[in-house]
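A structural walkthrough
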Amino acid sequence: MAIKIVSVVGARPNFMKVAAVCEAIKAHSRLPMAIPIDHMLVHTGQHYDTNMSDFFFNDLDLPKPNLFLGVGSGSHSLQTAKVMEGFENVLLAERPDIVLVVGDVNSTLACALVTKKTWCTGVKGAPPFIPKLAHVEAGLRSFDRTMPEEVNRIVTDSIADYLFTTEESANRNLEREGIPRDKIHFVGNVMIDTLLRHRSKALESTILSDLRLIENGQLKPYAILTLHRPANVDDRRTFAKILEALVAVSRHMPIIFPVHPRTLKQIQEADLGDFFVDHFLDAPVHCDFGVRIRLVPPLGYLDFLNLTSQARVVLTDSGGVQEETTILGVPCITLRENTERPVTLKSGTNVLAGVDPNKIIAEITRVLEGARPATEAPKLWDGQAAKRIVQILLTESVSKPCWDVAHSTDTATDKVQTV
Ligand code: UD1
Ligand code: UDP
């Protein structure tokens, strides 16, 4: 009998992660005598703009979602509730053995909660059962509970059956929280699976010449900026402070800023437009690009990967970008006080600069004056993470099908006493 897996995507960073899982399932299905996997993709619609969603289906060869819930934007509660309502219907109709969620966005939390509270009807007289929940990228912690993602991570991990981790700090965090060790699987990083698979294809992107970063065949040094954390962009004073530091840097080197829709909205509402030149919309013909930050729309995966790979420095508050620069060996300055991905500080190029303008400028100067830092790939960031995930899910499903354990009282506290 086939094992039925429903994977969930909702927001931009989910697409790269689930793309790796789809690839691994496809590869598994080509094996002779493979246990069949019936895989469904559900898109919640948390992100919906063409350049926040559709682009990635093309760039990453993601299959078209089987179901689209179309929840859109809203407050945290509204968005979470809408995903829950839509996803409950999916579970009741589809009765999957396993639901796979990735990362830490509201769609992750919402689908995790629904999965562990829904009794699905068993087929052919089998008892009702609760699907198993797999969380990919489990255990990361910023230890800052004002971050919405931190709440999403903690709650999702506390109810997941399979916790797939990317780095050793995550294993320690989960053990400290009382998650039984047999639920924790250190598999590596699916985001890096996707990066390694698309790296050479990204070189075909024409983004560098489109943005006039290549002149007479010569690549100009440039920086990339991404910013979308509410703590950085929703408060005008904090956002303006960061921009003042960066605009000073832009006098010496162009800063390309693919702007997230949350951030664009804030730039417009908080009247911060003077810091930028809008490359696509209002750049005057002879505009001096050297004195302001260059806004561009959110980019597709391949364009962004090409741009990142060749940047002199990346300035970001993104989680995924900290990991990608670690593998690309490109200096990364994180505009946050903390990171839930400490391996990028230890093995990669990442440094934390916070939001103090002096610190930001000092870190950028240090990077520009220094040689490229030496990096080593974190353990298991080798392109095989999704393959490990699929193998573990298959082995576990065959040895412990969910209808056998539907009535067990398998809580973290029950188990931790016996570890
Ligand atoms: C979400 C995630 C964050 C992740 C980020 C990746 C949560 C709590 N946050 O933040 O962890 O790092 O995605 O990009 O889940 N908007 C559009 N078009 C879109 C999507 C959003 O215009 O396609 C605008 C809307 O005004 C919306 C705002 O962006 O209100 C914020 O979107 P939302 O999904 O709520 O949070 P993000 O800031 O994108
Ligand atoms: N990314 C992209 N285009 C952009 C900016 C980012 O394709 O214009 C990719 C980036 O390479 C990474 C992912 O989006 O794979 C990170 O998503 P995001 O920063 O939105 O979310 P986070 O990782 O912070 O949750």
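Right above here is the structure, for reference.
Quick summary incoming for the structure in this document. This structure is a prediction, so every number in the text was calculated from the model and none was measured. (Residues numbered from 1 in each chain as written. Chains lettered and ligands numbered in written order. Predicted model: local features only at pLDDT ≥ 70, side-chain atom pairs only at ≥ 80, totals over all residues. Heavy atoms only, no water.)

**Brief notes about the overall build of the protein chain**
Check the secondary structure of the protein chain and you find 17 helices and 16 strands. What you see for the protein chain is a C-alpha radius of gyration of 22 Å, in line with the 22 Å of a compact globule of 419 residues. Summarising its shape, the C-alpha atoms of the protein chain cover approximately 75 × 45 × 40 Å along the three principal directions. The long-range share in the protein chain, meaning contacts at least 24 apart out of those at least 6 apart in sequence, stands at 71%. Summing over all exposed atoms, the protein chain offers an accessible surface of approximately 18,200 Å²; the carbon and sulfur share of this is 53%. The protein chain carries 45 positive and 50 negative side-chain charges, and their two centres are separated by 3 Å. (Helix = DSSP H or I, 4+ residues; strand = E, 2+ residues; numbered from the N terminus. Rg over C-alpha atoms; globule rule 2.2 N^0.38 Å. Contact = heavy atoms within 4.5 Å. Areas by Shrake-Rupley, 256 points an atom, 1.4 Å probe, with all protein chains shown as cover. Lys, Arg positive; Asp, Glu negative; His and termini not counted. Charge placed at Lys NZ, Arg CZ, Asp CG, Glu CD.)

**Focus on the site of ligand 1**
Near ligand 1 lie 19 residues; those nearest to it are His-47, Asn-106, Glu-149, His-228 and Arg-262. In the environment of ligand 1, an oxygen atom lies 2.9 Å from a nitrogen or oxygen atom belonging to the backbone of Tyr-48. Between ligand 1 and the protein, one listed contact pairs an oxygen atom with a side-chain N or O atom of Lys-265 at 3.5 Å. For ligand 1, whose accessible area on its own is 740 Å², the fraction buried by protein is 89%. Elements represented by at least two residues in the shell around ligand 1 include exactly α3 (76–94) and α11 (261–269). Per-element tally for the shell around ligand 1: the top contributor is α11, with 3 residues. Counted by class, the shell around ligand 1 contains 5 nonpolar, 8 polar and 6 charged residues. (Near = heavy atom within 4 Å. Polar contact = N/O pair within 3.5 Å; in protein donor to acceptor, adjacent residues only side chain to side chain. Nonpolar A, V, L, I, M, F, W, Y, C, P; charged D, E, K, R; others polar.)

**Observations regarding the sheet that holds strand β7 (residues 184–186)**
Remark on secondary structure: sheet strands pair via backbone hydrogen bonds, oriented parallel or antiparallel. Sheet architecture is open: 7 strands sit in the order β3-β2-β1-β4-β5-β6-β7, paired in parallel fashion. Both outer strands of the open sheet, β3 (67–68) and β7, are each paired with one neighbouring strand and no more. Relative to strand β6 (residues 162–165), strand β5 (residues 132–136) is paired through 3 bridges, and the arrangement is parallel. Bridged to Ala-134 within β6 is Tyr-162. Across the sheet, helix α4 (residues 106–116) touches β1 (3–9), β4 (98–102) and β5, and the angle it forms with β5 is around 160 degrees. (Pairing = 2+ DSSP bridges. Axes fitted to C-alpha atoms, helices over the stretch in contact; angles between N-to-C directions.)

**Overview of α3**
With 19 residues, α3 should reach 27 Å at 1.5 Å per residue; the first-to-last C-alpha distance of 26 Å fits that figure. Among all positions in α3, only Gln-79, Thr-80, Val-83, Phe-87, Val-90 and Leu-91 are buried. What you see down the axis of α3 is that its buried residues fit within an arc of 95 degrees, all on one side. Every exposed residue of α3 that faces more than 90 degrees away from the buried side is listed here: Ser-77, Glu-85 and Ala-93. One or two residues past the end of α3 sits Arg-95, with phi positive at roughly 45 degrees. (Expected span 1.5 Å × (residues − 1). Buried < 20%, exposed > 50% of the residue type's maximum accessible area, 1.4 Å probe, protein only. Arc of directions from axis to C-beta.)

**With respect to unusual backbone geometry**
Within the chain, Arg-95 stands out as a residue other than glycine whose phi angle is a positive 45 degrees. Looking at where Arg-95 falls in the secondary structure, it is placed in the loop between α3 and β4. Positioned with a positive phi, Arg-212 is a non-glycine residue whose angle comes to about 55 degrees. Within the secondary structure layout, Arg-212 lies in the loop between α8 (207–210) and β8 (214–215).

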